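Chain by chain, the residues run as shown.
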Amino acid sequence: MRSFFRRAVPGDSGSAPGGTAIPDDMWVRCPRCRELTYAREWESSFKVCAKCGYNAPLSAQERIALLLDEGSFHELDAGMRSGDPLRFAPAGRPSYHDKLAQWTADSGLSEACIYGRGRVDGIPTVFSMLDMSFFAGTMGSVVGEKIARACELARDERRPLIICSASGGARQQEGSIALLQMAKTAAAVRSLGRARVPYISVLTDPTLAGVTASFAALGDCVIAEPGAVVGFAGPRLIEQATGEKLPPSADTAEFQLEHGMVDMVVLRRDLRAVVAGLLRLFLDTAAIRSSRPLSDGLLQVPEDEPVSAPVVAG
Amino acid sequence: MSVVLDFERPIAELQKRLEALEKQIAAHPKPELEAERGVVVADLERTRRDVYRDLSPWQKVQVARHALRPQTLDYAKAIFTEFTEFHGDRAYADDGAIVGGPARLNGRVVMLVGHQRGKGTKDSVSRNFGQPHPEGYRKALRLFRQAEKFGMPLVTLLDTPAASAGLADEERGQAWALAENIAAMAELQVPILTVIIGQGGSGGALALGVADRLLMLEHAIFSVAPPEAAANILWKDSKLAPEAAAALRLTAQDLVDLEVIDRIIPEPPGGAHADQAGAAEALREALVEELGSLEATPMDRLLSQRYAKYRRIGTFYE
Ligand SMILES: [Zn+2]
């Protein structure tokens, strides 16, 4: 699917949706229902299929254009790159080092997560998103660290946090270090919560396993995009493991709405207005205006025990 | 069901010889037989030590899964007094894959929560082989809150291959249940002491294991996914699990080097399944010692140290 876009839409990762560089006669095939759409129409509808309603993955630039005020996003820690905590290099198999290099070359990205300050309808926020096009959006040290920093920045500057997730789960090549990013990010979300700063979690296709089961599930409001595969194991893995044939609706955004796991399923064209409306509701309370924290026991690193910089040498 | 692992054969053979000798001695005691017994006993001890000193990661996986390896309820009986099991999540069901309730450790009341794999076919099936459903995690969360309410230190014992992953688990929000527990443990206002006693598999283990101190029995494992699942994700072949087990660095010794765990609790020679009482005593000593030091720390400091402990995990360049 990614390679198809690259062929069909030149400069896909760099051009804003509705960009004028796309020739009239180019077609895009919906990855879900196979329907053909004019590339220009596809882009201007933010990659929502007119026939089946599928919300195809957006690049960071596209997601930012969809959600944030124009020119308001300023990325932080863009150069952060993963170390190799396990020195993962089993004989005769691709090493983690090589895999990282390959994903970087294929996607043009340095990692699966970005974060920074940005505004939604004039409201200052911290925005972060995961990108399936780098290592299937999997969470390792960099994703975990960026999400934790996004939470702490939002907490310290009292800006609401918005995270758009898309991930296959924990990154196996980082082993238990990846697993523990679940605890690190979930704790950071709670630290934000104790400061009474709102967090809106947007689940996009697909959001699974260790990412759903940590920060992505913990939004004050959890929004899912129509048709997105969202859940724990995901339909493919369940079918493999149990041999049972699942209904096509299993683990979709709509399934999770029905079972009480998400608050709403929101059309892409409405997303910015819905998020802005939510933020106004959350922010317009006496407690928030007076900046009073929830209670004692604030979660943060003690002042006399600074976080030892987890930077690796060489 | 065979409970002798391949690499334990030399131990099993010596044990058989010893048993035969003892029968002979009981029937017709002779000094030569006594002398031979002494040799066999020494040989057995040495063989046990040698085999268990250099277990490969995949052998450790097998030991961690051993049918006779003690489980949470064994330790509840051996180490604690007045363990009183509570049932149910007050919303859907009781899940036998997680057990818990208040108990006394050295006289001090604590909340004990752990995974239970089950013993024998029927018990194991009813406990889903230690793979909890969402209601298991929600029962645990109920007990965490109760521990906080009454100021009981929380002791958790991890022993699960992974959280259950079927359609029913999705319908009841497995990912949400795990996330709520992980987050709740990060801010729970009582000391938390976790010991990985068998398999510490993936988010299903972590959802009982966000702690002030993370301990591990010598031959337990702790992993981002069960080795079979990891091999499937990495190389699309679950039969490569032994290779995955090595690459994932899931042994206690590796995890000390990675600074993931705080302490290894030594097991008796031949592993916990060879000497359950010895394993329980080693675990008891470690729990009492660690709880003592945790309880001496003010809660505010404990909470911020707990936050810092997880906050600093990760390896990256910037
Ligand atoms: Zn379509």
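Remember, it's a predicted structure, so these values are computed and weren't measured experimentally.

**Topic: the overall build of chain A**
Here is step 1 of the chain: Across its full length, chain A holds 12 helices and 10 strands.
Here is step 2 of the chain: Burial analysis of chain A (314 residues in total) assigns 49% to the buried set.
Here is step 3 of the chain: Here the analysis covers contacts within chain A between residues at least 6 apart in sequence; of these, 67% occur between residues at least 24 apart.

**Details of the interface of chain B and chain A**
Here is step 1 of the chain: Of the residues lining the interface, 54 residues belong to chain B; the matching set on chain A comes to 63 residues.
Here is step 2 of the chain: For the side of chain B that touches chain A, the secondary-structure elements that each account for two or more residues are α7 (167-171), α8 (174-187), α9 (202-206), β6 (221-223), α10 (227-235), α11 (241-247), α14 (299-311) and β8 (316-317) of chain B.
Here is step 3 of the chain: Each residue belonging to the side of chain B that touches chain A can be placed in one class, and the counts come to 32 nonpolar, 11 polar and 11 charged.
Here is step 4 of the chain: In this structure, strand β4 (residues 81-82) of chain A lies alongside β8(B), joined through 2 bridges in antiparallel fashion. Following the sheet pairing, Arg81(A) is matched in β8(B) by Tyr317(B).

**Remarks on the domain arrangement of chain A**
Here is step 1 of the chain: In terms of domains, chain A is made up of domain 1 (1-56) and domain 2 (58-289).
Here is step 2 of the chain: Between the C-alpha centres of domain 1 of chain A and domain 2 of chain A the distance comes to 23 Å.

**Some words on the domain arrangement of chain B**
Here is step 1 of the chain: Looking at the assigned domains, one finds that chain B contains domain 1 (6-54) and domain 2 (61-311).
Here is step 2 of the chain: Centre-to-centre, using C-alpha coordinates, domain 1 of chain B lies 35 Å away from domain 2 of chain B.

**Description of the pairing of strand β1 (residues 98-105) of chain B**
All names here are of chain B.
Here is step 1 of the chain: Judged from the 8 bridges that link them, β1 and strand β2 (residues 108-115) form a sheet pairing that is antiparallel. The partner of Arg 104 across the bridge, within β2, is Val 109.
Here is step 2 of the chain: With antiparallel pairing between neighbouring strands as the criterion, β1 and β2 make up a hairpin whose turn holds 2 residues, including Asn 106 at a positive phi of roughly 55°.

**With respect to the nonpolar core**
Here is step 1 of the chain: Counting residues in each nonpolar core, the largest one holds 166 residues, and the members touching the most others are Ala186(A), Ile182(B) and Met216(B).
Here is step 2 of the chain: The element that contributes the greatest number of residues to this core is α8(B), accounting for 9 residues.
Here is step 3 of the chain: Here Ile182(B) is in contact with Met182(A), Ala183(A), Ala186(A), Ser214(A), Leu206(B), Ala207(B) and Val210(B), once residues within four sequence places are set aside.

Parameters at a glance
Residues numbered from 1 in each chain as written. Chains lettered and ligands numbered in written order. Predicted model: local features only at pLDDT ≥ 70, side-chain atom pairs only at ≥ 80, totals over all residues. Helix = DSSP H or I, 4+ residues; strand = E, 2+ residues; numbered from the N terminus. Buried ≥ 20, exposed ≤ 12 C-beta atoms within 10 Å, placed from the backbone. Contact = placed C-beta atoms within 7 Å. Nonpolar A, V, L, I, M, F, W, Y, C, P; charged D, E, K, R; others polar. Pairing = 2+ DSSP bridges. Domains from an automatic or database assignment. Core = buried A, V, L, I, M, F, W, Y, C linked by C-beta atoms within 7 Å.

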